[in-house]
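Here is how the chains run, residue by residue.
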Amino acid sequence: MAKKQQQRGGGTPATVALEAAGVAFTVHAYQHDPAAASYGGEAAELLGIPAERVFKTLVAEVDGKLTVGVVPVSGQLDLKALAHAVGGKRAAMADPAAAERSSGYVLGGISPLGQRRPLRTVVDETALAHPTVYVSAGRRGLEVELAPAALVALTSAVVAPIGR
């Protein structure tokens, strides 16, 4: 059974950004298994929360411009819908090295918050159906829980149906 910690802070750029904005949030830590097939699925299971409340941060390229899609770990990112949400035509998953360079985070720990270079962001509309959602706090094994409206506001996100 995973140990669930709830604490303020955590020292990642994501938590620093949340603290600076004065947003209410909770950090949840769990013991990450490097062999886990799905980082978000692992978080949901070990923290004992429904997978539709845990959102993964995926970096794609829309018409040559890096764009973040935030979707539930229980589904997938619809690249065509992501492109449409930002007025683009074509989307493909970004090169992993480019995603890490741009965000300042490693794969599996990319947070939509506190990115080195903030990217345009689209949050799947299902996030608004929950009182709080979980996203990466910027490190594997660390999730941050916050109100979906705060996530949208802090990332200047567009809200659209981008999951499937």
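Criteria and thresholds
- Residues numbered from 1 in each chain as written.
- Predicted model: local features only at pLDDT ≥ 70, side-chain atom pairs only at ≥ 80, totals over all residues.
- Heavy atoms only, no water.
- Helix = DSSP H or I, 4+ residues; strand = E, 2+ residues; numbered from the N terminus.
- Rg over C-alpha atoms; globule rule 2.2 N^0.38 Å.
- Buried < 20%, exposed > 50% of the residue type's maximum accessible area, 1.4 Å probe, protein only.
- Areas by Shrake-Rupley, 256 points an atom, 1.4 Å probe, with all protein chains shown as cover.
- Lys, Arg positive; Asp, Glu negative; His and termini not counted.
- Charge placed at Lys NZ, Arg CZ, Asp CG, Glu CD.
- 1 Å grid on protein atoms, 1.4 Å probe; cavity = no way out; pocket = protein on both sides within 12 Å on 5 of 7 lines; lining within 4 Å.
- Points joined across faces, edges and corners; volume = space filled by probe spheres on them.
- Nonpolar A, V, L, I, M, F, W, Y, C, P; charged D, E, K, R; others polar.
- Pairing = 2+ DSSP bridges.
- Axes fitted to C-alpha atoms, helices over the stretch in contact; angles between N-to-C directions.
- Salt bridge = Lys/Arg side-chain N within 4 Å of Asp/Glu carboxyl O.
- Contact = heavy atoms within 4.5 Å.

**Student:** Whenever I open this one, the overall build of the protein chain confuses me. Can you help?
**Tutor:** Each helix and strand in the protein chain was counted, giving 5 helices and 9 strands. When the helices and strands of the protein chain are read in sequence order from the N terminus, they spell out β-α-β-α-β-β-α-β-α-β-β-β-α-β. Taking 164 residues into account, the globule formula puts the C-alpha radius of gyration at 15 Å, and the protein chain, at 14 Å, falls close to it. For the protein chain, the spread of C-alpha atoms along the principal axes amounts to about 45 × 35 × 30 Å. The buried share of the protein chain, taken over its 164 residues, is 48%. When the accessible area of the protein chain is evaluated, it comes to approximately 7900 Å², of which 53% is carbon and sulfur surface. The distance from the centre of the 16 positive side-chain charges to the centre of the 14 negative ones in the protein chain is 5 Å.

**Student:** What's the story with the layout of surface pockets in this structure? I'm lost.
**Tutor:** Looking at the largest pocket, its volume works out to about 410 Å³. As for the largest pocket, its lining consists of 25 residues, and the residues nearest its centre are Y39, K56, T57, L58 and G108. Of all elements in the fold, only α2 (39-47), β3 (55-62), α4 (96-103), β7 (133-139) and β8 (142-146) reach the threshold of two or more residues within the lining of the largest pocket. Of the residues assigned to the lining of the largest pocket, the class counts are 14 nonpolar, 7 polar and 4 charged. Space inside the second largest pocket adds up to approximately 190 Å³. Around the second largest pocket, the lining residues are A17, L18, P112, L113, G114, Q115, P118, L119, T121, L154, T155 and S156. Breaking the lining of the second largest pocket down by element, the ones donating at least two residues are α1 (13-21) and α5 (148-155). Its residues assigned to classes, the lining of the second largest pocket shows 7 nonpolar, 5 polar and no charged.

**Student:** For this particular structure, what's the right way to read the sheet that holds strand β4 (residues 65-72)?
**Tutor:** Sheets are built from strands that pair by backbone hydrogen bonding, the pairs being arranged parallel or antiparallel. Pairing within the open sheet is mixed, and its 5 strands lie in the order β5-β3-β4-β6-β9. Edge positions in the sheet fall to β5 (91-93) and β9 (158-160), since each has one partner strand and no second. Strand-to-strand twist in this sheet, taken as the mean axis angle between neighbours without regard to direction, amounts to 35 degrees. In terms of strand pairing, strand β6 (residues 120-124) meets β9 through 3 bridges, oriented parallel. Bridge pairing links D124 to A160 in β9.

**Student:** Sorry, what's going on with the side chain of E143 here?
**Tutor:** Among the structural elements, E143 can be located in strand β8. Buried E143, no salt bridge; nearest opposite-charge side chain is R140, N-O distance 10 Å. Discounting chain neighbours no more than four positions away, the residues touching E143 are T26, V27, H28, Y30, A43, L47, V54, Y134, V135, S136 and A137.

These figures capture arrangement, not role.
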